Amino acid sequence: MNTSHELISLTALAVANSRAFSDIPYAQEILAAAKKIEKTKEQPDSAKFFGFKEVAPSYEARYKLVNKLLLESRQEQVLEIAAGLSPRGIYLASQIPIKYVEMDLPGLISTKRRILEKVRKDLPPNFHLESGNALDLKDLEAAARNFDKNKEIAIVNEGLLRYLNFDEKSVVAKNVHSLLSTFGGVWITPDITLKKGLAKENKSISIIKNTKKAIGIDINQNAFENQDEAKEFFERLGFNVEVHSFLEVENELVSPAKLKISKEKVREMIGQWVVFVMKPKKSVEITYFPHGTTFDNEKKLLTGLSQGKLSALDAIGNTSLVRLEKNIFAKLEFLNPSGSMKDRVAKEIILQAEKKGLLNRKKTVLEVSGGNMGISLAMICREKDYKCEIILPNHAGERAAALVRKHGGKVIMANDFFEAEKLAEEMLKKHPEKYFYADQSKNSATITANKKFGKEILKQFGKKIDFFVAASGTGGTICGVSMELKKFFPEMQAIAVLPEEKTGIAGVYSFEKSHKTRILEKCGGLIDKKVVVSDRTAFAEAKKIRKKFGFCVGPTSGMNYNAAKKLGGNIIIVFADSSERYEALC
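Attention here is on the structure that accompanies the text.

## Looking at the nonpolar core
- In this structure, Leu70, Leu85 and Ile188 are the most contacted members of the largest nonpolar core, which totals 41 residues.
- At 5 residues, the largest contribution of residues to this core is made by helix 3 (residues 56-73).
- Once you skip the residues sitting within four places of it in the chain, Leu70 turns out to touch Gln75, Val78, Arg88, Leu92, Tyr100, Ala154, Val156 and Ile188.
- If you look at the next biggest cluster of nonpolar residues, it comprises 36 residues, including Ala144, Leu160, Val241 and Val274.

## A look at the pattern of salt bridges
- All told, the structure shown has 26 salt bridges when counted by the stated rule.
- Here Glu158 and Arg62 are joined by a salt bridge, their closest N and O atoms 2.9 Å apart. Of this pair, Glu158 sits in the loop between strand 4 (153-156) and helix 7 (166-183) while Arg62 sits in helix 3, and the two are 96 residues apart along the sequence.
- Classification of Glu158 by relative accessible area gives buried; the value is 7%.
- The buried category is assigned to Arg62, whose relative accessible area is 7%.

## Considering helix 2 (residues 27-35)
- Those residues of helix 2 that fall on the buried side of the exposure criterion are Ala27, Ile30, Leu31, Ala33 and Ala34. Looking down the long axis of helix 2, one finds its buried residues gathered within 165 degrees of arc, a one-sided arrangement.

## A closer look at unusual backbone geometry
- For Arg74, which is not glycine, the phi dihedral falls at a positive 60 degrees.
- Position of Arg74 among the secondary structure elements: in the loop between helix 3 and strand 1 (77-81).
- Exposure remark for Arg74: the relative accessible area of 73% places this residue in the exposed category.
- The residue Asp385 is not glycine, and still its phi comes out positive at about 65 degrees.
- Residue Asp385 is classed as exposed on the basis of its relative accessible area, which comes to 59%.

Conventions adopted
- Residues numbered from 1 in each chain as written.
- Predicted model: local features only at pLDDT ≥ 70, side-chain atom pairs only at ≥ 80, totals over all residues.
- Heavy atoms only, no water.
- Core = buried A, V, L, I, M, F, W, Y, C linked by side-chain atoms within 4.5 Å.
- Buried < 20%, exposed > 50% of the residue type's maximum accessible area, 1.4 Å probe, protein only.
- Helix = DSSP H or I, 4+ residues; strand = E, 2+ residues; numbered from the N terminus.
- Contact = heavy atoms within 4.5 Å.
- Salt bridge = Lys/Arg side-chain N within 4 Å of Asp/Glu carboxyl O.
- Arc of directions from axis to C-beta.

Below, the structure written as structure tokens:
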């Protein structure tokens, strides 16, 4: 989600402008204080992008209906996530005996604190501001430490989900479900953006176009087709859903009279929108959709699983592509079912071997791996009922070995890669009939899998790509993906991110060592530039990514992010794996 970490976001300021035409308490004061904050080039006047007068009745109705439903829930503890510049918390905390916690990204919370200090000399003692990201359950749990665990809570968000893709919506929903399962209570959100409603709103002002222009997010792409689809989405994630129309508060609106908007026009405007009031289902088993699936194919996956036709292999790929900074986009490969991008290559190697008759039930899959490939192969072999033996160098670590064993694979440890490869050669020479050697560094399936990966990026991104940045191990990712991207963007530069010569990060090598792989011998010419990032920086950046964006990733992701920050233009980077296999990040 692309929101300023330092200043008021355009969307938050636009909503504050819209509320100024209502009688919402503190709305005028908060807007006046907000306007005194110095703007930067990245924070132009929101009026140039959003016609807040035209949508003022919608934002007023949204605010008032959420308040109405919140008070009707009779909860004494409220957590508002992505609170922005809403005056709700400070007003309710000062008017009724309610403990109110607002959580938002650090920059926005800092800004709001400065604004509220101008609005009131003393903040209510039962009102709290907390920094955090709704995509990170640990941040939500930290904010909830302000509450009495013996009392239920209400969780509110207004203007968050419409800017998130469906995978991100799922993460927030699961995080909220987890918190409510601990405390009990209710989730109230008007963020049920429907494409039909956007189409009607867009007749008067180009909300979709201007939002994308202003903050780079296509809210139409993130919208539900209809209300039934939205309801089904949250029900599958374990919620009972109660629907309330904005029309419930139409007689309480004051902005239409101030702006001379007819009653008929107001009804047409707000009649498209609803608020969902949701509670976790009792004794419910939440349907699990393996990481990597998208909302578009969840129905297909669910049907296939119920008929026994689909497995974890069907969840590989289709990972989210998210914006980190204004021009940096990350492919979330840790969302693949085993936790890394190597699932793509492992799947392609096994399927091609079967097709060519190289692999059958009598053979054992053998591979030398720094960790991720071994884990991926072990997972797929378990799904397809093959035996699997993985040779790991000691620096891969016990966590990687444990994950291979968890998936049913046999682990053989070696002192280093040289010894591991020598051991594999000896095993193949001694028992050629027993083993199928995956050999990812020489197998053409590695390039095939990554070319498919490149096509997936092109389909998702849909605009010019200036740089593709990826850490290099076998070279399969940087070469295979770049082959596809450069077909459409010949001027694009492929940046290989490499570690120091003596690295402690399993699976990546200095360029001199990497270049010995068959893949880089064949297509290393696709690489335009090599960037070296130290181990220390890699791990430090991975920790920053978790704190800043809520993604728990490994050190190669830190390497890629560090290299990307020094570039301009549209940049695609890879978040290759999760942090679970790195002791220093757990």
